[in-house]
Amino acid sequence: MPSYTLAILLWSLVAAASFAQDPATDPDYRPDAQDPATDPDYRPDVDPEGAVTTSKLQVHVPKTLTKAGGYEHREALFGIPPYGASLTQNVYYSEQDLCDANTIDTRSGYPIRAKDDNGQMLPWPSPYILMVDRGGCTFVQKVRNAQRVGAAGVIIADNTCLCSFSEVCHADPGQDCEIREPIMADDGSGADISIPSFLMFKQDADLVKAELMANHVVRMEMQWSLPAPDDRVEYELWTTPTDTISKDFQRDFKEAAVALGNRAYFTPQMYIYDGLRSGCVSLEGENECYNLCTNNGRYCATDPDNDLDRGISGADVVKESLRRMCIWQNYGVADGVGVEWWDYVNEFMYRCDTEEFFSNNQCIKDAMIHAKIDDAKIDQCMSDSGGLEENKENALLEVQLTAKDKSGVVILPAMYVNRVSIRGSLEFPTVFKAICSGYFTGTSPEVCATCSTCPDIKECISNGYCGSKKLQESVSTMNMIYAMAGLSAVFCLFSFIQHRRYERQMQAQVKGIIAEYMPLDHNQMQMQNTAVSDEDDVEFT
């Protein structure tokens, strides 16, 4: 058997063994670590470094179900939660499993509603939170179908008790308790889901379902926030140099990183595999995984084009990952912004992100020159860290392996804000809003106040204000026009009033003059008339 065929077979077996319970493919995936039945300190919402996912599930109506601190639950690893906001709506329970989109009846379920003119029960009134039982299909499929019929959020009611809750949870007849709780994993197709969803444990979900099936109103709140320890947010991106999904984000987010400045600290993380753990190093210290690994099999990456004989190899990916780590060490660690790192990634994607030039030294050097990076310094860093040859450790790559194990990253790309995984697709607005919601109350930077609620966040950050310049200019012009029109109207009104005032004064003066001279004229006319009469008498006498 050719060596490269053996390598493919070995890597496939290793991958199958390493990811036999992959949350991307197994809807009932349960982590092996921290067994709730045996570990008294088990807290699945706490990562190895102590970050807590601060989502909350609470019942507001009826008050008898309101619980101090809310209900314990688990978030879905898909959908887009509105970080820093909440969703409060009435809950409707569907007895259907929601696995077939063509058979969902929105006029069924509880509580019972009024009937229309045709005698059919009215459909679930939007917006609403839909509760559905677990089982029958993947979580993603259920939530997607709920989204299609208008649900604003979904509560998956667990149908199996956890053994750790055996004192308060009553299992259905014939069902045993389960030791490990399920994870609401993405089955690999959840990118189109935009609504949030929670898994509610059986002992709590049974109480809610009982109220709903008794035709009582239940109103729930689903709330999301991020740990906000201080006035600086830390965020990190897990990706690889060949990851296509994160390219747009890496291309666009530099302006946001610069605008946030020292109020946010970014860390790029490169995802690589541990070749020792995966069996890629033989007992003699030789590479057993062909061109997927460096350092005689110690550090590996998957082949991006699935062709070991041509194109980009896994070893090429590891080498480029180390290069980017060194660029960050020299140009980003100090300020947490790393303008040169962002510039290099963009230059690399523009110039070298092809099968022909991915590992071309001249192309890579050109990218560094355009990003204003000293290539000699980066080459020295790669060498000083341990290099990529021989069977020896590389300090920077070891750091990445340790960080990967601590983070628990499974699906790429992955974004963390204050050590909490951000759900949903890796998009500029989603990440920026998550960062802005991670600040301690009253400490968020001005750019968050200005742009986080803007319809076009990217344009707002670029311009420094929300809305287009043309719109602002038009608003200013209209304000000026309105101001001038107002002043003109006031002036005209004042002139009219003054004119009428002068007119009345003039009329009064004229009348006064006329009143003074009218008696004189009357006396003179009488005297003239008398004189004429006398003459007439004389003449005709």
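Structural data are supplied above this passage.
What counts and how
- Residues numbered from 1 in each chain as written.
- Predicted model: local features only at pLDDT ≥ 70, side-chain atom pairs only at ≥ 80, totals over all residues.
- Heavy atoms only, no water.
- Phe/Tyr/Trp six-rings, centres within 6.5 Å; stacked < 30°, edge-to-face > 60°.
- Helix = DSSP H or I, 4+ residues; strand = E, 2+ residues; numbered from the N terminus.
- Buried < 20%, exposed > 50% of the residue type's maximum accessible area, 1.4 Å probe, protein only.
- Lys NZ or Arg CZ within 6 Å of the ring centre and 35° of its normal.
- Patch = residues over 30% accessible without salt bridge, like charges linked within 9 Å, V, L, I, M, F, W, Y side chains within 5 Å.
- Areas by Shrake-Rupley, 256 points an atom, 1.4 Å probe, with all protein chains shown as cover.
- Salt bridge = Lys/Arg side-chain N within 4 Å of Asp/Glu carboxyl O.
- Contact = heavy atoms within 4.5 Å.
- Disulfide = S-S within 2.5 Å.
- Pairing = 2+ DSSP bridges.

**Student:** Outline the packing of aromatic side chains, supporting the account with residue identities and numerical values.
**Tutor:** The geometry of an aromatic ring pair comes down to the distance between the two centres and the angle between the two planes. Considering all chains together, one arrives at 19 aromatic pairs under this definition. Their ring planes at 80° and their centres at 6.4 Å tell us that W238 and Y271 sit as a pair that is edge-to-face. Placement of the pair is W238 in strand 8 (residues 233–239) and Y271 in the loop between strand 9 (264–270) and strand 10 (273–274), with a sequence separation of 33 residues. Since its relative accessible area comes to 0%, W238 is described here as buried. By the ring-pair criterion, three or more aromatic residues cluster together here, those being Y235, F249, F253, F266, W328, W341, W342 and F428. The residue whose ring lies beneath R324 is F348, and the NZ or CZ to ring-centre distance is 5.0 Å. In this arrangement the basic side chain of K404 is found over the ring face of Y271, its NZ or CZ atom lying 5.1 Å from the centre.

**Student:** Explain a nonpolar patch on the surface to me, using residue names and the numbers behind them.
**Tutor:** Taken together, the side chains of L493, F496 and I497 define a hydrophobic patch exposed on the protein surface, amounting to about 310 Å² of accessible area. Here F496 is to be found in helix 15 (residues 469–539). Judged by its relative accessible area of 48%, F496 is partly exposed.

**Student:** Which residues make up the environment of R324, and what values do they have?
**Tutor:** With respect to the helices and strands, R324 occurs in helix 7 (residues 314–331). Given the relative accessible area of 2%, R324 is considered buried. Once the C-alpha coordinates of R324 and M270 are considered, the two residues, 54 residues apart in sequence, prove to be 8.3 Å apart. Once residues within four sequence positions are removed from consideration, R324 is found in contact with P241, Q250, M270, W341, Y344, V345 and F348.

**Student:** Describe the state of the cysteines, with residues and values.
**Tutor:** The tally for this structure, following the rule as stated, stands at 10 disulfides. Sulfur-sulfur distance for the disulfide between C293 and C300 comes to 1.9 Å. Linking C293 and C300, the disulfide has an S-S dihedral of approximately 100° and is accordingly described as right-handed. Both residues of the pair, C293 and C300, count as buried. Across the disulfide, C352 is cross-linked to C363 (sulfur-sulfur distance 2.0 Å). When the S-S torsion is -105°, as for the bridge of C352 with C363, the disulfide is left-handed. Of this pair, C352 sits in the loop between helix 8 (339–351) and helix 9 (361–370) while C363 sits in helix 9, and the two are 11 residues apart along the sequence.

**Student:** Describe the sheet that holds strand 13 (residues 414–417), listing the residues and the values that go with them.
**Tutor:** What the 4 strands build is an open sheet, ordered 9-8-13-14; its pairing is mixed. With one partner strand each, in any of the chains shown, strand 9 and strand 14 (420–421) form the two edges of the open sheet. Bridge count for strand 13 against strand 14 is 2 bridges, and the pairing is antiparallel. Paired with V417 across the bridge in strand 14 is V420.

**Student:** Provide a residue-level description of the pairing of strand 6 (residues 197–200), including the pertinent values.
**Tutor:** Here strand 6 shows a buried face lined by S197 and L199 and a second buried face lined by F198 and M200. Inspection of the sheet shows strand 2 (residues 73–75) paired to strand 6 by 3 bridges, in the antiparallel sense. Across the sheet, residue E75 finds its bridge partner in strand 6, namely F198. Strand direction decides the pairing type here: strand 5 (residues 153–157) and strand 6, joined by 4 bridges, are parallel. The residue of strand 6 that forms the bridge with I156 is L199.

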